[in-house]
Amino acid sequence: MKPSEIPPHNPNQMERPLGLSEKLMFKMRDYGGMNVCCITQLEGNLDKERLLSALSYVVLSNPILNVTTQLTSKKNKPIREFVIDNNTTLPFIEKSLQSETDLYQLMSQEIQTLTPIDKKMWRLTLVTLANKENTFYLIATFDHTIIDGQSTNKFIEMLLGAYKDSLSSSTHQAISFPAEHFIHYKVTLSNILRFISHEANKLVLALTPQRFNEIQVHSKRHTKLLNISFTIEQTNKLILTSRSNNTTLQGAIVAALFFSRAKHENLDVKKYRFCNASPVNIRKQGNISDSLIGAYNSSVETIHNVDDQTSFWLLAKEVKQKIVNEIDHKSHLSAVIILEYLQNLLSDNLRMSILDGKQMGRLCSTTVSNFGKIEFRETYGDITVSNYNAAVSQHGFGASFTLLPMTFNGSLRFFLHYISPLTTEEQANEIRCNIIDVIQRALESDFTFQEFDNG
């Protein structure tokens, strides 16, 4: 990012711990356990000292990466405070593993591990595999409080750019801002009524029942990842077919996940009801530079029904239309403000009891982001990026499947994350196979859920 592109602002005001939306996300993590993790495969002769120098540049350029949390007492009540940690120690470690299986197991562990108290809210691991020379893997894990899913590739892009240009901490320029610096929105009565009617609709009309083999407390759950990818030819065909059906790649993936969840439930019901949370990148609305990393997203929730006669492409079209409609009504901005008020109104015990993955737990059964195309330069000095993927944990929400689909080098890819033992490996593999099957069938023709369920 060029200095001329930085909004005119007092640099001292940039060195803030957290903005309003970030603090809300931190509160939500109490019952969501949310981390964002990306894995980047690099080829070439990597200079570790040069990488560390570039990392120090990125950290000092983005004060949000120096935020730590600490517990203090106020009127005999524990209060969480956020401070800037001037400790120059970087949360960077190296690991040597035997195989790619170990690599993805490490990623699963990283994504479910809560950030330690009084420590930075992110970490970077440099991994090498025993059977691969001149191949390195960067596993970057962030508390979702400070970085949204979209920002993971911004972090890697900035890190590799600093590596290429041999930038160090002595040449940094602070460039991070909270979302509130760009977006100011006042909640109207129509926003409140829309929010209430939406939440009431979720409560009155019960969602598809969420059946667990056994209920486990948060600390005994384990986040697992299954990789899903499609060829360049399949990806291009899916994009074109989605456009011809007046929807998006995101709409098609949400519909595929709905069909897969409905088939997986295998209940004797006539209609399945799903609520999907769609993260919204607010960089466009706030005219926020695409180079900034941080928590620059909100989300909208849309409710959909699936029955025997539901057409796949009509459902995919409905997903797109409802998301666009909610964004047009500024629901993604007003919801942040309203939820922040409700978070302060409800006690921690009440929030934990109703939102910890129990039967009446989280009222969103799926979350599908919209990353779009991930692009890196061909080379960064003496290294190239040969693979990239990202995942997010919803550790507290046992039956909420979260996907971060993206295209990299022309190929659609994402992880299906699931929570063990609430969802078994066998069940998760079934959903993974169903998703792949639905998308491959959709490339050839439209079909109803009944046709898919009987197929």
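Residues numbered from 1 in each chain as written. Predicted model: local features only at pLDDT ≥ 70, side-chain atom pairs only at ≥ 80, totals over all residues. Heavy atoms only, no water.

Draft legend 1. Region of interest: the overall build of the chain. Across its full length, the chain carries 13 helices and 15 strands. A buried classification covers 53% of the 455 residues belonging to the chain. Within the chain, counting contacts between residues at least 6 apart in sequence, those at least 24 apart form 80% of the total. For the chain, the accessible area works out to roughly 20600 Å², and carbon and sulfur atoms hold 50% of it. (Helix = DSSP H or I, 4+ residues; strand = E, 2+ residues; numbered from the N terminus. Buried < 20%, exposed > 50% of the residue type's maximum accessible area, 1.4 Å probe, protein only. Contact = heavy atoms within 4.5 Å. Areas by Shrake-Rupley, 256 points an atom, 1.4 Å probe, with all protein chains shown as cover.)

Draft legend 2. Structural detail: the side chain of Ser56. Along the chain, Ser56 falls in helix α3 (residues 48–61). At 2.6 Å, the side chain of Ser56 forms a polar contact with the backbone oxygen of Ser53. (Polar contact = N/O pair within 3.5 Å; in protein donor to acceptor, adjacent residues only side chain to side chain.)

Draft legend 3. Focus on unusual backbone geometry. For Ser166, which is not a glycine, the phi torsion comes out positive at approximately 55 degrees. One non-glycine residue, Asn246, adopts positive backbone phi at about 55 degrees. Mapped onto the elements of the fold, Asn246 is located in the loop between α7 (232–244) and α8 (249–265). The class of Asn246 is partly exposed, set by a relative accessible area of 38%.

Draft legend 4. Representation of the packing of aromatic side chains. Going through the model one piece at a time under the given rule, you end up with 19 aromatic pairs. With a centroid separation of 5.7 Å and an interplanar angle of 80 degrees, the aromatic rings of Phe177 and Phe182 are classed as edge-to-face. Overall, Phe177 belongs to the buried group, its relative accessible area being 2%. Above the plane of the ring of Phe452 lies Lys263, whose end atom (NZ or CZ) is 4.6 Å from the centre. Above the plane of the ring of Phe447 lies Arg441, whose end atom (NZ or CZ) is 4.8 Å from the centre. (Phe/Tyr/Trp six-rings, centres within 6.5 Å; stacked < 30°, edge-to-face > 60°. Lys NZ or Arg CZ within 6 Å of the ring centre and 35° of its normal.)

Draft legend 5. Structural view of the pattern of salt bridges. Under the criterion given, the structure shown has nine salt bridges. Among the salt bridges present, the one from Glu444 reaches Lys237, with a minimum N-O distance of 3.4 Å. Residue Glu444 is located in the loop between α12 (425–442) and α13 (449–454), and its partner Lys237 is located in helix α7; the two are separated by 207 residues in the primary sequence. The exposure class assigned to Lys237 is partly exposed, which follows from its relative accessible area of 34%. (Salt bridge = Lys/Arg side-chain N within 4 Å of Asp/Glu carboxyl O.)

Draft legend 6. Inspection of helix α5 (residues 151–164) at higher detail. Between its terminal C-alpha atoms α5 stretches 20 Å, which fits the 20 Å expected from 14 residues at 1.5 Å a residue. Counting buried positions along α5 yields twelve of 14 residues, so the element is predominantly enclosed. Within α5, the full set of buried residues consists of Ser151, Thr152, Asn153, Lys154, Phe155, Ile156, Met158, Leu159, Leu160, Gly161, Ala162 and Tyr163. In this structure, the buried side of α5 is in contact with β1 (35–44), α3, β5 (122–129), β6 (135–143), β11 (372–374) and β12 (383–392). Directly beyond the C-terminal end of α5, a positive phi value near 55 degrees is found at Ser166. (Expected span 1.5 Å × (residues − 1).)

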